[in-house]
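If you want the building blocks of each chain, they are given just below.
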Amino acid sequence: MEPRVAYERDDNGTMDVDRTDPPENFYAIGCDDLGRTRRKRAVESLRRATQRIECETDERRRTDERNARALFEQNARRLVLERSEAAHRRPVVRCSSSTVGDTVATCIWDGTCRLRDRNNLQGKTTFAAHEERCADVRIHPSYCAGVDGPCAATGSSDGTAKRWDNRGRNLATYKGHTDRLACIAFHPYGHHLARTSFDRTCRLWDVETEVELLLQGHSRAVYALAFQCDGSWCVSGRLDAVGWVWDLRTGRHIHTLTGHIKPILAVDVAEDGYTVATAGEDHTCRLWDLRQRRCIYTLPAHSSLISAACFETKQGGTLLTASYDGTVRLWSTTTYACLNTLKAHEGKVAAVAVAAEAALVFSAGFDKSLKRWCVDREGEGPNAL
């Protein structure tokens, strides 16, 4: 950047140039911890991307993945309601399933969080996470049931996020936001926690040192956020109907997702590393290919706002959407066909989670229940299309 040039007029009306002022930075210089984190992230994301691309180019593995994707789509058509539990006394706003192990977490408006066994939905641990409403709950990427240690994080309308162990003990509290939280998300490596808020910011914290590494401002409230599987970038969804893609290795905004006509309430990134789903109040879910930097399909998914959207976590070939119309729907990301419509909730569905390796789907909503959907092994169930 060129030095700022200052002009001063003398008595004769001529201007003298003063070039002694130091250059101005039109950005905030990050802390040293942020620089080290970005360098580590660049190295690790490159290693993960290399492994992913090698798998994609290996013909045998590609065949295995196609078979696995076809099997999951087949199972998706046969999902039926297997169990329903009255989860809480008030509406359930979020649920999260562990990547490893057998735990599912739920949070509700009264600030309570509960860890459950996902096989029978029986409660393991219940704790009062916040004094105000819980906005989100996420299980740590490396958490394994039965092992003591960090388990989950919660976010609240009190503007704080907290980290918990499997016994319900508070390990850390992350403050800084001036308005209620909308979403939290663990980075795939598990070392960092992102939070979005109605104060128009997104913040990134080191979960161990409790140091705030990044404060990213937006022009509107940020409601949703998801990380790419390699950990190199993330996508955020805002209430002005715009999605932004951020390079986490440089901190730069690299792409804008425009097309929704109402606020974006949910985002997710598929395991292929380049397909993004955004959904919101306009009743649609859009699929984006970031290699082509465009929307490749718009699903007219529901008759009411879409509260949650997620890809199944193994192959990314199936997309799940939950809506205030009381249904959960499963979509093929290759044919864009609706594979199944899950109807059992007596009101708005607020959350959906999937355990792909077990072919299980969990949904929660304003009817205060948590429901478990599994494959009907006896044949085609009543929900299959």
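Remember, it's a predicted structure, so these values are computed and weren't measured experimentally.

Novice: Can you help me understand the sheet that holds strand E24 (residues 306-311) in this one?
Specialist: The strands making up a sheet associate through hydrogen bonds between their backbones, and the pairing can be parallel or antiparallel. Across the sheet, four strands lie side by side as E24-E25-E26-E27; this open sheet has antiparallel pairing. Two strands lie at the open edges of the sheet, namely E24 and strand E27 (338-343), each paired on one side alone. Ignoring strand direction, the axes of neighbouring strands in this sheet form an average angle of 15 degrees. Where strand E26 (residues 327-332) lies against E27, five bridges are found, and the strand directions are antiparallel. Residue Leu330 lies in a different strand from E27, and its bridge partner there is Asn340.

Novice: Looking at this structure, I do not really get the pairing of strand E11 (residues 170-174). What am I missing?
Specialist: One face of the sheet, then the other: side chains in a regular strand alternate in exactly this way. The pairing of strand E10 (residues 161-165) with E11 spans four bridges and is antiparallel. Directly across from Arg163, in E11, lies its bridge partner Ala172. Taking the residues that link successive antiparallel strands as the turn, the E10-E11 hairpin has four residues, and the phi of Gly168 there is positive, at about 85 degrees.

Novice: What exactly am I supposed to notice about the pattern of salt bridges here?
Specialist: Oppositely charged side chains can pair when the atoms bearing their charge come close. All told, the structure shown has 13 salt bridges when counted by the stated rule. Two residues, Arg372 and Glu82, come together in a salt bridge whose shortest N-O distance is 2.5 Å. Of this pair, Arg372 sits in strand E30 (residues 369-375) while Glu82 sits in strand E3 (residues 79-86), and the two are 290 residues apart along the sequence. Of the residues examined, Glu82 reaches a relative accessible area of 35% and is grouped as partly exposed. A salt bridge links Asp136 to Arg138; its shortest N-O distance comes to 3.4 Å. Residue class for Arg138 comes out partly exposed when judged on its relative accessible area of 27%. Where salt bridges share partners, they join Glu44, Arg47 and Arg48 into one cluster.

Novice: Honestly, empty space enclosed by the protein in this entry has me stumped. Any pointers?
Specialist: Over the atoms rolls a probe the size of a water molecule, and in doing so it shows where empty space is left. In total, this model carries two cavities of 30 Å³ or more according to the counting rule given. One number sums up the size of the largest cavity: a volume of about 150 Å³. Lining the largest cavity are 15 residues, with Cys202, Leu214, Gln216, Cys234 and Leu248 sitting closest to its centre. Of all the elements in the fold, those that place two or more residues in the lining of the largest cavity are strand E14 (201-206), strand E15 (212-217), strand E16 (222-227), strand E17 (233-238) and strand E18 (243-247). Estimates place the volume of the second largest cavity at around 30 Å³. Lining the second largest cavity we find Phe72, Asn75, Ala76, Leu79, Ala359, Val361 and Val375. No other element matches the three residues that helix H2 (residues 59-76) contributes to the lining of the second largest cavity. When the residues that make up the lining of the second largest cavity are grouped by side-chain class, the tally is six nonpolar, one polar and no charged.

Novice: Honestly, a positive patch on the surface in this entry has me stumped. Any pointers?
Specialist: Residues Arg90, Arg133, Arg180 and Lys368 make up a contiguous surface patch of positive charge. Among the secondary structure elements, Lys368 is positioned in the loop between strand E29 (360-365) and E30. Residue Lys368 is classed as partly exposed on the basis of its relative accessible area, which comes to 36%.

Novice: How do you make sense of the nonpolar core when you look at a structure like this?
Specialist: Side chains that are nonpolar tend, in soluble globular proteins, to be buried together. Core analysis: the biggest nonpolar cluster contains 18 residues, and Leu320, Leu330, Leu342, Val352 and Val361 have the highest contact counts within it. For this core, the secondary structure elements donating two or more residues are H2, E24, strand E25 (318-323), E26, E27, strand E28 (349-355) and E30. Among the elements that take part in this core, E28 stands out by supplying three residues, more than any other. If near-sequence neighbours (up to four positions away) are discounted, Leu330 is found in contact with Ala76, Leu79, Thr318, Leu319, Leu320, Ala337, Cys338, Leu339, Asn340 and Leu342. By size, the runner-up hydrophobic cluster in this structure holds 14 residues, among which are Val93, Cys107, Leu115 and Cys151.

Novice: Would you mind going over the pairing of E24 with me for this structure?
Specialist: Counted residue by residue, E24 has six buried out of six residues, so it is predominantly covered. Here E24 pairs with E25 via five bridges, running antiparallel. Note on E25: the bridge partner recorded for Ile306 is Ser323.

Novice: I'm lost on unusual backbone geometry in this one. Help?
Specialist: Trans is the prevailing form of peptide bonds, just as negative phi is the prevailing case for residues other than glycine. Of note, the phi angle at Leu121 is positive, near 65 degrees, even though the residue is not glycine. Owing to a relative accessible area of 0%, Leu121 belongs among the buried residues under this scheme. Even without being glycine, Glu210 reaches a positive phi, approximately 60 degrees. The exposure class assigned to Glu210 is partly exposed, which follows from its relative accessible area of 37%.

Novice: Help me understand the layout of surface pockets, please; the structure alone is not making it clear to me.
Specialist: Its volume calculated, the second largest pocket comes out at about 470 Å³. Residue assignment for the lining of the second largest pocket shows that the elements contributing at least two residues are strand E4 (92-97), strand E8 (134-139) and strand E12 (181-186). Here the lining of the second largest pocket is composed, by residue class, of 13 nonpolar, two polar and four charged.

Novice: What is the right way to read the packing of aromatic side chains from this model?
Specialist: Any two aromatic rings considered together are summarised by their centre-to-centre distance and by the angle between their planes. Inspection of the entire model under this criterion finds seven aromatic pairs. Relative to Phe366, the ring of Trp109 has its centre 5.3 Å away and its plane inclined at 80 degrees; by these criteria the two rings are edge-to-face. With a gap of 257 residues between them, Trp109 in the loop between strand E5 (103-108) and strand E6 (112-117) and Phe366 in the loop between E29 and E30 connect regions that are remote in the sequence. Take Phe366: its relative accessible area is 23%, and that puts it in the partly exposed class. A centroid spacing of 5.5 Å and a plane angle of 55 degrees characterise the contact between Tyr174 and Trp205, whose relative ring orientation is tilted. Taken together, the positions of Tyr174 in strand E11 and Trp205 in strand E14 put the pair 31 residues apart, joining distant regions of the chain. An aromatic cluster is present here, built from Trp109, Tyr324 and Phe366 joined pairwise through their rings. One Lys or Arg, Arg180, reaches over the ring of Phe198 and ends 3.8 Å from the middle of that ring. Directly above the aromatic system of Phe366 lies the positively charged group of Lys348, at a separation of 5.3 Å from the ring centroid.

Definitions and limits used
Residues numbered from 1 in each chain as written. Predicted model: local features only at pLDDT ≥ 70, side-chain atom pairs only at ≥ 80, totals over all residues. Heavy atoms only, no water. Pairing = 2+ DSSP bridges. Helix = DSSP H or I, 4+ residues; strand = E, 2+ residues; numbered from the N terminus. Axes fitted to C-alpha atoms, helices over the stretch in contact; angles between N-to-C directions. Salt bridge = Lys/Arg side-chain N within 4 Å of Asp/Glu carboxyl O. Buried < 20%, exposed > 50% of the residue type's maximum accessible area, 1.4 Å probe, protein only. 1 Å grid on protein atoms, 1.4 Å probe; cavity = no way out; pocket = protein on both sides within 12 Å on 5 of 7 lines; lining within 4 Å. Points joined across faces, edges and corners; volume = space filled by probe spheres on them. Nonpolar A, V, L, I, M, F, W, Y, C, P; charged D, E, K, R; others polar. Patch = residues over 30% accessible without salt bridge, like charges linked within 9 Å, V, L, I, M, F, W, Y side chains within 5 Å. Areas by Shrake-Rupley, 256 points an atom, 1.4 Å probe, with all protein chains shown as cover. Lys, Arg positive; Asp, Glu negative; His and termini not counted. Charge placed at Lys NZ, Arg CZ, Asp CG, Glu CD. Core = buried A, V, L, I, M, F, W, Y, C linked by side-chain atoms within 4.5 Å. Contact = heavy atoms within 4.5 Å. Phe/Tyr/Trp six-rings, centres within 6.5 Å; stacked < 30°, edge-to-face > 60°. Lys NZ or Arg CZ within 6 Å of the ring centre and 35° of its normal.

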